[in-house]
Amino acid sequence: MKVKEQDTIDSYSQSQITTKLKFYQEEHRRLTVLFNITRNISTELKLDKLLRILMDEVKRALKADRCTVFLLDKHRNELWSKVAHGEREIRFPGHLGVAGYVATTGHILNIPDAYADPRFNREIDKKTGYHTSNMLTFPMRNKLGEIIGVFQVLNKYDGPFTKEDEQLLDTISVISATQLENAQLYEEQKKTFDSFIETLASTIDARDPLTAGHSHRIAQYVDAIAHVMNILPNRREILRYAALLHDYGKIAIREAILTKRGRLTVREYSHIQEHPAYTRSILEKINFSNDYKSIPIIAAAHHEKIDGTGYPKGLSGNDIPLEARILAVADVFDALTSKRHYRDRMEFDKVIDILDRDTSTHFDEICVKAFKKIKLDVLIRILEDGTSDLLDKKDLKFLNNYNVNQLLEALKRHPRRGEDKLVAGTFNKYYNKAYS
Ligand SMILES: [Fe+2]
Ligand SMILES: [Fe+2]
């Protein structure tokens, strides 16, 4: 009898311990989820990435098959999501469906059986081929209490969503709302900034028809070189902006001199050479954020040469920012290959001969080497910028297998035979197109 009593006490306390342990494990899991979400989203300002992180984390946290975060576009009164598991961008009127109901009323909808609920729109399942069984749809509010979007979590693996799931999602929603609003604001500001820089670049490109599109092409060349050199995304972005603005100082150069077609006098030439210094002084008046403070310096150094004989400062070697050394290669390549009225392009190997000849005097060897690793499809797209939609996709796919170095070898070896002929021929089909 005694033994039996002992057994009961043991098993009772054992089950108590198990319950407690389960409770603590669950609490621990929830805290870990919240910690992970906070850590992962706190530094992310890219809306796409932020949405992706949130959807993945919520899906995992609630042990569900899918999660979509819909954001409310107040101007168009639409709900939209850039990325959803297994789907592309979705956009629909802000009052439609379960998400629309939650966005409009602010109520939480926990539906254990979707097909038994009249608010559920079966058409979406029909279209996507997905089968929704249970769903939890939750409003997301900002600090002012305004609804800015909706979480929609589908198909919890072990049965309908619970009250605890709702509480967890409530906390996640509070944590993420501010960061989502920040990201949206950041993207809007970035779009404004981008269009501002693009407009400045277009104004300078428009001043001289001979150099039309120059700044935009340079921006793509430097990006292609930076890609080869594995330069980090934020530096690449600065480089792209600097490229778009590098010749902006030409705005201060007298029109008659800038567009003069004949030989320049010494005085005229030195006036033109003032443009990088103008670039710097004008760009320094723009209130760039700390991240972008180096743009005027980089842009203004695009005519510096590695041996110190360039202008405006006569900087040499590593005193020239790497970004400006990349710019120098792109700038000369574009000048040598851009379309000229009534004239064909200089032959490609001659252009590269010039880059080679001036390596270690004008250009940094590392940058020229990187340039030669650019894939031919990338190069052709930039060379034909503006009409690149006329390029044959098959040709581009083929050219993607070769870089500039390989083209040069093909041109040297035997441009009339086999693979060499194919590479050189396909490249030249576009490169040597006659211009009028
Ligand atoms: Fe320039
Ligand atoms: Fe330039």
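Residues numbered from 1 in each chain as written. Chains lettered and ligands numbered in written order. Predicted model: local features only at pLDDT ≥ 70, side-chain atom pairs only at ≥ 80, totals over all residues. Heavy atoms only, no water.

**What to know about the coordination of the iron ion (ligand 2)**
Each protein donor to the iron ion (ligand 2) is listed here as His214 (NE2), His246 (NE2), Asp247 (OD) and Asp331 (OD); together their distances run 2.2 to 2.3 Å. Each of the four donor atoms around the iron ion (ligand 2) contributes to a set of angles spanning 78 to 174°, which defines the coordination as irregular. Between the iron ion (ligand 2) and the iron ion (ligand 1) the interatomic distance comes to 3.6 Å, and aspartate 247 is a ligand of both metals. Aspartate 247 shares its class with histidine 246; the two are buried. (Donors = N, O, S within 2.8 Å, 3.2 Å for Na, K, Ca; no water. Tetrahedral: all angles 85-135°; square planar, octahedral: opposite > 155°, others 65-115°. Buried < 20%, exposed > 50% of the residue type's maximum accessible area, 1.4 Å probe, protein only.)

**Focus on the coordination of the iron ion (ligand 1)**
The iron ion (ligand 1) binds to the protein through Asp247 (OD), His275 (NE2), His302 (NE2) and His303 (NE2), with metal-donor distances spanning 2.2 Å. Mapping the donors of the iron ion (ligand 1) onto the primary sequence yields the spacing D-x27-H-x26-H-H.

**Observations concerning the sheet that holds strand 5 (residues 135-141)**
With antiparallel pairing, the six strands of this open sheet are ordered in space as 3-2-1-6-5-4. At either margin of the open sheet sits one strand with a lone partner, and together these are strand 3 (90-93) and strand 4 (109-111). Between one strand axis and the next, the sheet turns by 20° as a mean value, whatever way the strands run. By the bridge criterion, four bridges tie strand 2 (residues 78-81) to strand 3 in an arrangement that is antiparallel. Opposite serine 81, over in strand 3, you have isoleucine 90 as the bridge partner. Taken strand by strand, helix 3 (residues 97-105) contacts strand 1 (64-73), strand 2, strand 3, strand 4, strand 5 and strand 6 (147-156), and its axis lies near 140° from that of strand 6. The strands touched by helix 5 (residues 163-207) are strand 1, strand 2, strand 4, strand 5 and strand 6; relative to strand 5, the strand with the most contacts, the crossing angle is about 45°. (Pairing = 2+ DSSP bridges. Helix = DSSP H or I, 4+ residues; strand = E, 2+ residues; numbered from the N terminus. Axes fitted to C-alpha atoms, helices over the stretch in contact; angles between N-to-C directions. Contact = heavy atoms within 4.5 Å.)

**Some points on the pattern of salt bridges**
Under the defined criterion, the tally for this structure stands at 29 salt bridges. The closest approach of N and O atoms between glutamate 26 and arginine 30, which form a salt bridge, is 3.3 Å. Here glutamate 26 and its partner arginine 30 are both found in helix 1 (residues 2-42), four residues apart, which amounts to about one turn of the helix. According to the relative accessible area criterion, glutamate 26 is partly exposed, its value standing at 27%. Arginine 30 gets classed as buried once you look at its relative accessible area, which sits at 12%. Aspartate 223 is the salt-bridge partner of arginine 236, the closest N and O atoms lying 3.1 Å from each other. Separated by 13 residues along the polypeptide, arginine 236 in helix 7 (residues 233-245) and aspartate 223 in helix 6 (residues 214-228) bring together distant segments of the chain. With relative accessibility at 22%, the residue arginine 236 sits in the partly exposed group. On the basis of relative accessible area, aspartate 223 is assigned to the partly exposed category, the value being 24%. (Salt bridge = Lys/Arg side-chain N within 4 Å of Asp/Glu carboxyl O.)

**Comments concerning the packing of aromatic side chains**
Evaluated as defined, the whole model comprises 14 aromatic pairs. Note on phenylalanine 348 and phenylalanine 427: the rings are 4.9 Å apart at their centroids and 65° apart in plane angle, and the pair reads as edge-to-face. Of this pair, phenylalanine 348 sits in helix 13 (residues 348-357) while phenylalanine 427 sits in helix 18 (residues 418-431), and the two are 79 residues apart along the sequence. Each member of the pair, phenylalanine 348 as well as phenylalanine 427, is classed as buried. Look at phenylalanine 427 and tyrosine 431: their rings are 5.4 Å apart centre to centre, the planes differ by 20°, and that puts the pair in the stacked class. On the criterion of helical spacing, the pair formed by phenylalanine 427 and tyrosine 431 is a turn pair, its members being four residues apart in helix 18. Assessed through its relative accessible area of 0%, phenylalanine 427 is described here as buried. The buried category is assigned to tyrosine 431, whose relative accessible area is 0%. By way of ring pairs, the aromatic residues Tyr221, Phe333, Phe348, Phe371, Phe427 and Tyr431 are connected into one cluster. Here the guanidinium or amino end of arginine 119 rests over the ring plane of tyrosine 101, the centre of that ring lying 5.2 Å away. (Phe/Tyr/Trp six-rings, centres within 6.5 Å; stacked < 30°, edge-to-face > 60°. Lys NZ or Arg CZ within 6 Å of the ring centre and 35° of its normal.)

**Points about the confidence of the model for the protein**
When pLDDT is averaged along the protein, the result is 89, and 93% of the positions lie at 70 or above. Here helix 1 is the element of the protein with the lowest mean pLDDT, 77, and helix 14 (residues 365-371) is the one with the highest, 98. (pLDDT = per-residue confidence, 0-100.)

**Details of the pairing of strand 6**
Extensive coverage of strand 6 is indicated by the burial of ten of its ten residues. Two strands pair when backbone bridges link them, and strand 5 and strand 6 are joined in this way by seven bridges, in the antiparallel orientation. Paired with methionine 135 across the strands is leucine 154, a residue of strand 6.

**Observations concerning the pairing of strand 1**
Of all ten residues that make up strand 1, nine are buried, and the element is covered over most of its length. One ladder, built from seven bridges, connects strand 1 with strand 6; its direction is antiparallel. Looking across to strand 6, one finds that threonine 68 is bridged to glutamine 152. Two elements, strand 1 and strand 2, share three bridges in a ladder whose sense is antiparallel. Along strand 2, the bridge assignment pairs aspartate 73 with glutamate 78. Taking the residues between adjacent antiparallel strands as the criterion, strand 1 and strand 2 are bridged by four residues, where asparagine 77 takes a positive phi near 45°.

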